[in-house]
Amino acid sequence: MESQVLAIAMNAMKVTMILSFPALLVAMIIGLLISIFQATTQINEMTLSFVPKLIGMAIVLLLTAPWAMNVLIDFTTKILKMIPGFVQ
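Residues numbered from 1 in each chain as written. Predicted model: local features only at pLDDT ≥ 70, side-chain atom pairs only at ≥ 80, totals over all residues. Heavy atoms only, no water.

Our next topic: the environment of Ile 30. Mapped onto the elements, Ile 30 comes out in helix 1 (residues 2-41). Discounting chain neighbours no more than four positions away, the residues touching Ile 30 are Pro 52, Lys 53 and Gly 56. (Helix = DSSP H or I, 4+ residues; strand = E, 2+ residues; numbered from the N terminus. Contact = heavy atoms within 4.5 Å.)

Have a look at this one:
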C-alpha cells in the first residue's frame, strides 16, 4: 500500500516536471538573451525582461496545451485504474 502511494507521488512529480519543462526552458532562454542584450547596451531596466518572458511562456503554453492535456489525461486514467487495488 505504501509503495503504491509512493509510486503515485513519484509519478505525479515526474509529470509535473515534464509539463513545466517547455515553459521554463523558454523563460530561461529569453532571460539569457535579454541579459546579454542588457549587458551589451548597458540598459539596466528590470521590467525589460519580464514582458518578453511572459509573452514567450504564454505562446509555449498555448502550443503545448494539447500535448499537456494528453499527458494529464493519461496520468489521471492510470490513477483511476489503480483505485480498485487500494480497496482491500
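Anyway, onward from the coordinates.
What follows concerns the packing of helix 1 against helix 2 (residues 50-86). Between helix 1 and helix 2, whose axes approach to 10 Å, the crossing angle comes to 175 degrees. On the basis of the axis angle, helix 1 is roughly antiparallel to helix 2. The residue makeup of the contact of helix 1 with helix 2, split by class, is 23 nonpolar, six polar and two charged. (Axes fitted to C-alpha atoms, helices over the stretch in contact; angles between N-to-C directions. Parallel < 35°, antiparallel > 145°, perpendicular 65-115°, else oblique. Nonpolar A, V, L, I, M, F, W, Y, C, P; charged D, E, K, R; others polar.)

Take helix 2 next. With 37 residues, helix 2 should reach 54 Å at 1.5 Å per residue; the first-to-last C-alpha distance of 46 Å falls well below that figure. The largest bend along helix 2 reaches roughly 55 degrees and is located at Ala 65, with the proline Pro 66 sitting one to four residues downstream. Every buried residue of helix 2 is accounted for by Gly 56, Val 60, Ala 68, Val 71 and Phe 75. Against helix 1 lie the buried residues of helix 2. (Expected span 1.5 Å × (residues − 1). Bend = angle between axes of the 7 residues up to and from the residue. Buried < 20%, exposed > 50% of the residue type's maximum accessible area, 1.4 Å probe, protein only.)

Moving on: the side chain of Gln 38. With respect to the element layout, Gln 38 can be found in helix 1. If near-sequence neighbours (up to four positions away) are discounted, Gln 38 is found in contact with Ile 43, Glu 45 and Leu 48.

With that settled, the discussion passes to helix 1. Across its 40 residues, helix 1 extends 56 Å between first and last C-alpha, which sits within 8% of the 58 Å expected from 1.5 Å per residue. Roughly 40 degrees is the biggest bend found in helix 1, and it falls at Phe 21, with proline Pro 22 one to four residues downstream. When we look at burial in helix 1, the residues that qualify are Ile 8, Val 15, Pro 22, Ala 23, Ala 27, Ile 30, Gly 31, Ile 34 and Gln 38. Lining the buried residues of helix 1 we find helix 2.

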